[in-house]
Amino acid sequence: MNERIAMSYFPAPPERQARVFARLPEAFRTPRTNEWTRFNARGRALHSLLEGPAFDAQGNLYVTDVPFGRIFRIDGQGNWSLVAEYDGWPNGLKIGPDGRIYIADYKRGLLELDPVAGRVHVLAARYLSEGFKGINDLCLTPEGDILFTDQGQTGLQDASGRVFRWSAQGRLTRVLDGIPSPNGIAYDAAERILYVAVTRAQQIWRIPLHEDDQIGKAGVFAQLHGGPGGPDGIVLDGQGGLLVAHAGVGTVWHLDALARPRARIQSPAGLVVTNLAFSADGRLFVTEAQDAVVLEVAIGP
């Protein structure tokens with residue numbers, strides 16, 4: 001009997017290698033500790049933890065630095081500038097069609113950033129008078145609503161993570177709860193399907209949304225193989241497929257609309273790929289937190 005027993009539902013997908021587009025400058029790499037690193041990095045000193053990539057209309061790429069409340073802007077030549085530094089832990093970031101910048105901040109809630117003044121404004125800090133667990137990522141709907149995950153310290157030991165909606169009219173509602181570590185989030189407006197990366201369960205959930213945020217038959221869209229991390233940021237590819245940053249293994253999975261693997265994109269730097277965004281010309285950009293770089297790769301047919 002063959003002692004090496006393995007199960008694979010699909011053939012191994014083709015591998016693609018990303019390249020380093022930009023590296024956090026040395027001037028911003030000062031290792032230190034704080035309350036965030038104590039509980040989320042086992043007390044290790046960090047120089048940064050890059051997340052939340054998003055492009056503005058001018059083609060500049062914004063990224064967040066979670067533990068130290070920094071927002072950076074990277075131009076097309078890979079030059080970095082500090083847009084804001086504030087008392088917070090910014091994770092996900094998205095830029096609306098009108099140029100407004102929204103931040104999912106673990107410490108302070110849902111924020112809006114003024115990139116000129118470098119100041120943040122709180123949109124939502126609590127729900128029904130209770131604070132969030134620690135919000136993580138967000139996505140925007142065509143109607144101007146914001147859907148965001150409230151992850152905190154949830155996981156398989158505490159499946160109480162949540163998803164919320166902040167409407168364009170300023171109304172906060174809870175969409176779904178009972179999630180073990182909700183992280184990345186993406187919304188397919190054409191199909192009214194919400195996708196959530198459930199990090200500690202190593203899954204991507206597919207959640208049909210009906211009117212008034214009524215939930216259809218939520219299920220598992222994809223099951224990852226595991227590892228020291230799990231699925232982090234996710235983004236739709238425009239054809240019903242999904243790209244998944246698998247933190248801890250240095251891989252971005254490209255899944256088609258049926259969750260079949262189309263490609264495995266490898267990081268040439270560290271293993272902690274955290275989030276991703278498409279540029280206007282269709283290139284994929286990925287934040288990698290271990291080496292504090294932004295990766296780039298072309299997504300072909």
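Worth saying up front: this structure is predicted, and the values here are computed from it rather than measured.

1. Considering the UniProt feature "domain: SMP-30/Gluconolactonase/LRE-like region" (unreviewed entry) in the protein
Thought 1: In this numbering, the UniProt entry assigns the feature "domain: SMP-30/Gluconolactonase/LRE-like region" (unreviewed entry) to residues 51–289.
Thought 2: Helix makes up 0% of residues 51–289 and strand makes up 56%, while its end C-alpha atoms are separated by 7 Å.

2. A closer look at unusual backbone geometry
Thought 1: Despite not being glycine, Ser129 shows a phi value in the positive range, around 75 degrees.
Thought 2: Here Ser129 is to be found in the loop between β11 (126–127) and β12 (130–131).
Thought 3: On the basis of relative accessible area, Ser129 is assigned to the exposed category, the value being 66%.
Thought 4: The phi angle at Ala259 is positive, at roughly 70 degrees, despite the residue not being glycine.
Thought 5: Looking at where Ala259 falls in the secondary structure, it is placed in the loop between β23 (251–255) and β24 (261–266).
Thought 6: Judged by relative accessible area, Ala259 falls into the buried class, the value being 13%.

3. Here we look at the pairing of β24
Thought 1: Relative to β24, strand β1 (residues 15–17) runs parallel, the two being bridged by three bridges. Each bridged residue has a counterpart across the sheet, and for Gln17 the counterpart in β24 is Gln266.
Thought 2: As defined by bridge partners, β23 adjoins β24 across five bridges and the pair is classed as antiparallel. By the bridge assignment, Val252 is partnered in β24 with Ile265.
Thought 3: Taking the residues that link successive antiparallel strands as the turn, the β23-β24 hairpin has five residues, and the phi of Ala259 there is positive, at about 70 degrees.

Reading the values: the criteria
- Residues numbered from 1 in each chain as written.
- Predicted model: local features only at pLDDT ≥ 70, side-chain atom pairs only at ≥ 80, totals over all residues.
- Heavy atoms only, no water.
- UniProt positions renumbered as here; feature names shortened; annotations may be inferred.
- Helix = DSSP H or I, 4+ residues; strand = E, 2+ residues; numbered from the N terminus.
- Buried < 20%, exposed > 50% of the residue type's maximum accessible area, 1.4 Å probe, protein only.
- Pairing = 2+ DSSP bridges.

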